[in-house]
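# Observations on the model geometry
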Amino acid sequence: MPRSIVLGTGHAVPDRVVTNDELSPLMDTSDEWIRERTGIQERRWAREGDTGVEYARQASVQALEMAGLDAKDLDAIVYATLSPDHFIPGNSVFLQRALGAGHVASVNLNNACNGFLYAMSVADAWIRAGMFRRILVVGQELVSSRLDISPQGRAVSVIFADGAGALVLGATEEPGRGVLAWDLHTDGSYAENLWVDGPGAAIWPPIAVQHIESGRYFPHMDGREVFRHAIVRMPESVGAVLAQAGLSPADITLLIPHQANLRISEAVQKRLGLRDDQVYNNIQFYGNTTAATIPIALDECVRAGRLKAGDVFVMTAFGSGFQWGSALMRW
Ligand SMILES: CC(C)(COP(=O)(O)OP(=O)(O)OC[C@H]1O[C@@H](n2cnc3c(N)ncnc32)[C@H](O)[C@@H]1OP(=O)(O)O)[C@@H](O)C(=O)NCCC(=O)NCCS
């Protein structure tokens, strides 16, 4: 059975840096509060007129270049976002056009913070099934324009940010390499603990001034409940993929946790007994870019030479749903 290996990675973020000090007067918050609770020092927010697909295109071009491939060599695109440029069709369609790819298969996934992990699992399953051999996997968000930039929204809006990461997955017949284990879960009992209620078909009328005025279209989060579950589920899930591969935390060269909150990543590291050099965090500079956190971090690690042939690499995520999961790869 073929397995999936990473052929190339890339990322792109808006050039607009937004510091905590810039947000403080708008949201009645402070640099100290944000750093202490989340670890975030600054984030990137889009400029008016930017599109998410353009970030994704830039990230994808870098990933294709690293892979030594042309967009025409791709068989498929799997695109994760909770903030698509348009309601229909999904961003994968616009990316196919922007890249000049062939008439490839493409799929759009909205799995929030788990978006990239699930996108990769779809691509990996296609590769294992022998359906496709070269797949572009993208995680991208442009959420800053949908946040409540007022004191009412401060607990949520200081966290989230924009950006895109991409990777090209390819098939290999070499044994023992590539994606070796998956662990993916959902518990819908917590659906309303981190959600955006509308616009949606359950709301009548789906789009109305009163819903805008009441803040119903903004993200809402029970931060404490998210925190409490994340620090249990992520280590549990990393443990599950390690067990499948017959490995232990000491065997991990690099863990990339979804960049939800630096305090969550630190708690996950502690529970797994990992050293600082085994865990990669960049939320300090990008905030939480939801589906884009893992591929942005992965690209930074790859370009910094943090992963060598044979290294064990784990990605883990937790977020809205609640959904959570992990993937384990041998580089
Ligand atoms: C969001 C989070 C930082 C909030 O921290 P917390 O200690 O739980 O804070 P609470 O929501 O209980 O609020 C505590 C106080 O801080 C205030 N507060 C909330 N956001 C604030 C902000 N940005 N600036 C200043 N004060 C803020 C609250 O109003 C509250 O004030 P009160 O005590 O006077 O009522 C924290 O819960 C968290 O990190 N959760 C995980 C969230 C996450 O990772 N989400 C992404 C998932 S993918």
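Placed above this text is the structure.
Here the structure is a predicted model, which means the values were calculated and not measured.

## What to know about the packing of helix H8 (residues 223-245) against helix H9 (residues 262-272)
- Viewed as axis vectors pointing N to C, H8 and H9 meet at an angle of 40°, and their least axial separation amounts to 9 Å. Comparing their axes, H9 and H8 come out oblique. The hand of the H8/H9 crossing is right-handed. Of the residues in H9, those touching H8 at Phe-227, Ala-230, Ile-231, Val-232, Met-234, Pro-235 and Val-238 are Arg-263, Ile-264, Ala-267, Val-268, Arg-271 and Leu-272.

## Some thoughts on H8
- When the terminal C-alpha atoms of H8 are compared, their 33 Å separation across 23 residues agrees well with the 33 Å that a helix rising 1.5 Å per residue should span.
- Most pronounced at Ala-230, the bend in H8 amounts to some 30°.
- All buried positions along H8 are accounted for by Glu-225, Val-226, His-229, Ala-230, Ile-231, Met-234, Pro-235, Ser-237, Val-238, Val-241 and Leu-242.
- Two residues or fewer after H8 comes Gly-246, characterised by a positive phi angle close to 70°.

## Side note on the site of the ligand
- In the vicinity of the ligand there are 21 residues, among which Thr-29, Arg-154, Gly-223, Arg-224 and Asn-261 approach most closely.
- The separation between a nitrogen atom of the ligand and a polar main-chain atom of Gly-223 is 2.9 Å.
- Computed on the free molecule, the ligand has an accessible area of 950 Å², of which 73% lies beneath the protein chains in the complex.
- Counting only elements with at least two residues in the shell around the ligand, the list comes to helix H2 (31-38), helix H6 (154-157) and H8.
- No other element matches H8, which puts four residues into the shell around the ligand.
- The residues that make up the shell around the ligand include at least three from each of domain 1 (3-172) and domain 2 (178-330).

## Things to note about the packing of aromatic side chains
- Taken as a whole, this structure holds five aromatic pairs when the rule is applied.
- Summarising the aromatic geometry, the rings of Phe-318 and Phe-322 are spaced 4.9 Å apart at their centres and angled 55° between planes, so their arrangement reads as tilted. When sorted by exposure, Phe-318 lands in the same class as Phe-322, which is buried.

## Points about the sheet that holds strand E7 (residues 163-172)
- Across the sheet, which stays open at both edges, the five strands sit in the order E1-E7-E6-E4-E5 with mixed pairing between neighbours. The open sheet has two edge strands, strand E1 (3-12) and strand E5 (105-109), and neither has a second partner. Averaged over all pairs of adjacent strands, the angle between strand axes in this sheet comes to 15°, irrespective of strand direction.
- The pairing of strand E4 (residues 76-80) with E5 spans five bridges and is classified as parallel. By the bridge assignment for E5, Val-78 is matched with Val-107.

## Notes on the pairing of strand E12 (residues 312-319)
- Burial runs high along E12: eight of the eight residues are buried.
- Across the two faces of E12 the burial is the same, with Val-312, Val-314, Thr-316 and Phe-318 and Phe-313, Met-315, Ala-317 and Gly-319 all buried.
- In this sheet, E12 lies alongside strand E11 (residues 254-257) in parallel orientation, the contact comprising four bridges. Looking at the pairing, Pro-257 lines up with Thr-316 of E12.
- Linking E12 back to strand E13 (residues 323-330) in an antiparallel pair, the connection comprises three residues, with Gly-321 at a positive phi of about 140°.

## Side note on H9
- Of all the residues in H9, the buried ones are Leu-262, Ile-264, Ser-265, Ala-267, Val-268, Gln-269 and Leu-272.
- Buried positions along H9 lie against H2, H8, E11 and helix H10 (283-286).
- The residue sitting at the N-terminus of H9 and contributing the capping side-chain oxygen is Asn-261; that oxygen lies 2.8 Å from the backbone nitrogen of Arg-263.
- Where H9 terminates, the next one or two residues include Gly-273, which has phi positive at roughly 70°.

The rules behind the values
Residues numbered from 1 in each chain as written. Predicted model: local features only at pLDDT ≥ 70, side-chain atom pairs only at ≥ 80, totals over all residues. Heavy atoms only, no water. Axes fitted to C-alpha atoms, helices over the stretch in contact; angles between N-to-C directions. Helix = DSSP H or I, 4+ residues; strand = E, 2+ residues; numbered from the N terminus. Parallel < 35°, antiparallel > 145°, perpendicular 65-115°, else oblique. Left-handed = near helix turned anticlockwise from the far one by under 90°. Contact = heavy atoms within 4.5 Å. Expected span 1.5 Å × (residues − 1). Bend = angle between axes of the 7 residues up to and from the residue. Buried < 20%, exposed > 50% of the residue type's maximum accessible area, 1.4 Å probe, protein only. Near = heavy atom within 4 Å. Polar contact = N/O pair within 3.5 Å; in protein donor to acceptor, adjacent residues only side chain to side chain. Areas by Shrake-Rupley, 256 points an atom, 1.4 Å probe, with all protein chains shown as cover. Domains from an automatic or database assignment. Phe/Tyr/Trp six-rings, centres within 6.5 Å; stacked < 30°, edge-to-face > 60°. Pairing = 2+ DSSP bridges.

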